[in-house]
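Residue-level listing of the chains:
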Amino acid sequence: VGEKFYSQAFSRYRVIETLKDTFKVEKSAAVRRAIIRVFSIMSQTDVVPFLLECLKDVSPTTRADCIHTLGLFKDPNAAYYISPFLLDEHPRVRATAIVALWQFGKYRRQLEEHINRMIDSKDPLEVKEGIYVLGEVNVNCKTILLALLRNTDPIIALEAAFALSKSGNAHGLVKLVEHFMLLP
C-alpha cells in the first residue's frame, strides 16, 4: 500500500480491523504490545474507541501501552481518559500516565507530586518507575538522579544511570558503560 495508505480508505479500514481482531485473540503479550504500537504510529482516530476499550484490560502492560498511545495524539481531551490511571494499582501504568499527561502544563504540579511519592517510596518497583518518569519528562532532576545513582540496589542505580543518560549526562553514561563492561 505504501505512501497511498492514508488515501485508501478501504485498505486502511481493513488493516485496522485486522489488527483489532488479532489483538482480541492473541495470547502473546509481545504481539499485543506491537499491535498497540502500530496503532500509535498510525495515529488514526478510527482506533480511539478500540484503545479506550483496551484501557479496561486486566494486563497492566496493555493498559500502559494504551495510555502511551493516547498520549501520542497530543489532544488535551485525551487527558480525560488518561488521568484516572494516575491512581492505578500498578506503578508502570501510573508512570506511563504521568509521562502521557506531562505535555499538558496544567497537570504538572499534580504530576510532580505523584513523581515525588514514587521516588520516595519504600517499594523498589515504585522507585524504578519514578526514575523512568524522570528520564522521560526531562524535568530538572539531576540532583535526585545523581543520588539514586549511588543507591545500594543495583537495579535502582542502573535505572538512574539510564535516566541521566537520556539527557546526555556523563555520570549516567559512565555508570552504564561500567555496567556493560562487567557483563560476562
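This structure is a prediction, so every number in the text was calculated from the model and none was measured. (Residues numbered from 1 in each chain as written. Predicted model: local features only at pLDDT ≥ 70, side-chain atom pairs only at ≥ 80, totals over all residues. Heavy atoms only, no water.)

1. Observations concerning the packing of aromatic side chains
The description of an aromatic ring pair rests on the distance of the ring centres and on the angle between the ring planes.
Part 1: This model, assessed by the stated rule, comprises two aromatic pairs.
Part 2: Ring centres of Phe23 and Phe50 lie 5.3 Å apart, and the angle between their planes is 85°; on these two criteria the pair is classed as edge-to-face. In this pair, Phe23 is assigned in helix H1 (residues 9-25) and Phe50 in helix H3 (residues 48-54), connecting sequence segments 27 residues apart. With respect to burial, Phe23 and Phe50 carry one shared label: buried.
Part 3: Where Tyr80 meets Tyr81, the ring centres are 5.0 Å apart and the plane angle is 90°; that geometry is what we call edge-to-face.
Part 4: Classification of Tyr81 as partly exposed rests on a relative accessible area of 39%.
Part 5: When the ring centre of Phe23 is taken as reference, the NZ or CZ atom of Arg32 above it lies at 4.0 Å.
Part 6: The ring of Tyr132 carries Arg92 above its face, with NZ or CZ at 4.3 Å from the centroid. (Phe/Tyr/Trp six-rings, centres within 6.5 Å; stacked < 30°, edge-to-face > 60°. Helix = DSSP H or I, 4+ residues; strand = E, 2+ residues; numbered from the N terminus. Buried < 20%, exposed > 50% of the residue type's maximum accessible area, 1.4 Å probe, protein only. Lys NZ or Arg CZ within 6 Å of the ring centre and 35° of its normal.)

2. Focus: helix H9 (residues 142-149)
Part 1: Buried within H9 we find Leu145, Leu146, Leu148 and Leu149. Each buried residue of H9 sits inside an arc of 160° when the element is viewed along its axis, so together they form one side.
Part 2: Along its buried surface, H9 packs onto helix H7 (108-119), helix H8 (124-137), helix H10 (154-166) and helix H11 (170-181). (Arc of directions from axis to C-beta. Contact = heavy atoms within 4.5 Å.)

3. Examining the environment of Leu134
Part 1: Along the polypeptide, Leu134 turns up in helix H8.
Part 2: Given the relative accessible area of 5%, Leu134 is considered buried.

Purely geometric numbers; function is a separate question.
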